[in-house]
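A look at the structure
If you want the building blocks of each chain, they are given just below.
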Amino acid sequence: MTIRYIITPQTAAHHYLVKLVFTARTQSHCLTLPVWIPGSYMVREFSKNIIKLSATHNSQAVISHQVDKNKWLLEGLTTGDQVEVSYNVYAHEYGIRTAFLDAKRGYFNPTSLCLSVAGYEDETHQVQFVDLPADWQVACGLAADEDEIFSAQDYDELIDSPFELGTFERLEFSVAGVNHYL
């Protein structure tokens, strides 16, 4: 099973529109956002930037409510149905641990944007971007396929892989037979 994040940068509003897609295994699912980031284990408040979360399955609204500062509960699901969760993330905090977006560039750690689906942490997680500005590129340590879909073997690998968006020069070089990108 694959968990997919479809991310649309909304540069004028400093928002990332995120669509999280997964298949329901039970009639309710819990979604969480970390309160820490790999390498910096202070308690963070990433969830404060989530705006207007809603969910659907079979084009029908799903009951969703925030149960604490970084946790949402989806109820009334049908096992086996595809669930789509949509939410905006405010991203105008310039720093290496959070999310930023303006007309020139975007940056985020998935701990700031990518809700975890409880029980699915060991599944493949994919990130796809839509409606990027025409000249923007994406840089990330995750492998991407020919359609620019970035894949992580699990949620832990995903949240340890920041993304840079914008116009930049990509340099390649090899050291001891290992390819590197800058």
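Located above this text is the structure these notes cover.
About the criteria used
Residues numbered from 1 in each chain as written. Predicted model: local features only at pLDDT ≥ 70, side-chain atom pairs only at ≥ 80, totals over all residues. Heavy atoms only, no water. Helix = DSSP H or I, 4+ residues; strand = E, 2+ residues; numbered from the N terminus. Rg over C-alpha atoms; globule rule 2.2 N^0.38 Å. Contact = heavy atoms within 4.5 Å. Areas by Shrake-Rupley, 256 points an atom, 1.4 Å probe, with all protein chains shown as cover. 1 Å grid on protein atoms, 1.4 Å probe; cavity = no way out; pocket = protein on both sides within 12 Å on 5 of 7 lines; lining within 4 Å. Points joined across faces, edges and corners; volume = space filled by probe spheres on them. Nonpolar A, V, L, I, M, F, W, Y, C, P; charged D, E, K, R; others polar. Buried < 20%, exposed > 50% of the residue type's maximum accessible area, 1.4 Å probe, protein only. Salt bridge = Lys/Arg side-chain N within 4 Å of Asp/Glu carboxyl O. Polar contact = N/O pair within 3.5 Å; in protein donor to acceptor, adjacent residues only side chain to side chain.

**With respect to the overall build of the protein**
- Within the protein one finds two helices and 18 strands.
- Scaling as 2.2 N^0.38, a compact globule of 182 residues should have a C-alpha radius of gyration of about 16 Å, and the protein matches this with 17 Å.
- Principal-axis analysis of the C-alpha atoms places the extent of the protein at approximately 50 × 35 × 35 Å.
- Summarising the internal contacts of the protein: among those between residues at least 6 apart in sequence, 67% fall at separations of at least 24.
- Of the roughly 9500 Å² of accessible surface on the protein, a fraction of 50% belongs to carbon and sulfur atoms.

**Some remarks on the layout of surface pockets**
- One number sums up the size of the largest pocket: a volume of about 210 Å³.
- Together, Val138, Ala139, Cys140, Leu142, Ala144, Glu148, Phe150, Phe168, Glu169, Arg170, Tyr181 and Leu182 line the largest pocket.
- Top element by residues in the lining of the largest pocket is strand 13 (residues 137-140). It accounts for three residues.
- The class makeup of the residues in the lining of the largest pocket is nine nonpolar, no polar and three charged.

**Quick word on the environment of Leu33**
- Counting through the fold element by element, Leu33 comes out in the loop between strand 3 (28-32) and strand 4 (50-57).
- Among the residues examined, Leu33 registers a relative accessible area of 0% and is labelled buried.
- Sequence separation between Leu33 and Lys71 is 38 residues, and the spatial gap between their C-alpha atoms is 6.8 Å.
- Ignoring any residue separated from it by four or fewer positions in sequence, one finds Leu33 in contact with Phe46, Ser47, Ile50, Asn70, Pro110, Thr111, Ser112, Leu113, Cys114 and Leu115.

**Observations concerning the pattern of salt bridges**
- As enumerated under the stated definition, the model contains five salt bridges in all.
- When the shortest N-O distance is used, the salt bridge between Glu84 and Lys19 registers 3.7 Å. Note that Glu84 is positioned in strand 8 (residues 82-90) and Lys19 in strand 2 (residues 15-23), a separation of 65 residues in sequence.
- Owing to a relative accessible area of 31%, Lys19 belongs among the partly exposed residues under this scheme.

**Re the environment of Asn70**
- Summarising the element assignment, Asn70 is placed in the loop between strand 6 (63-68) and strand 7 (71-75).
- You can call Asn70 buried: its relative accessible area is 15%.
- Separated by 14 residues in sequence, Asn70 and Glu84 have C-alpha atoms that sit 18 Å apart.
- Ignoring anything within four residues of it in the chain, the contact list for Asn70 reads Leu31, Thr32, Leu33, Val35 and Ser47.
- A polar contact of 2.7 Å, which involves the side chain of Asn70, links it to the backbone oxygen of Leu33.

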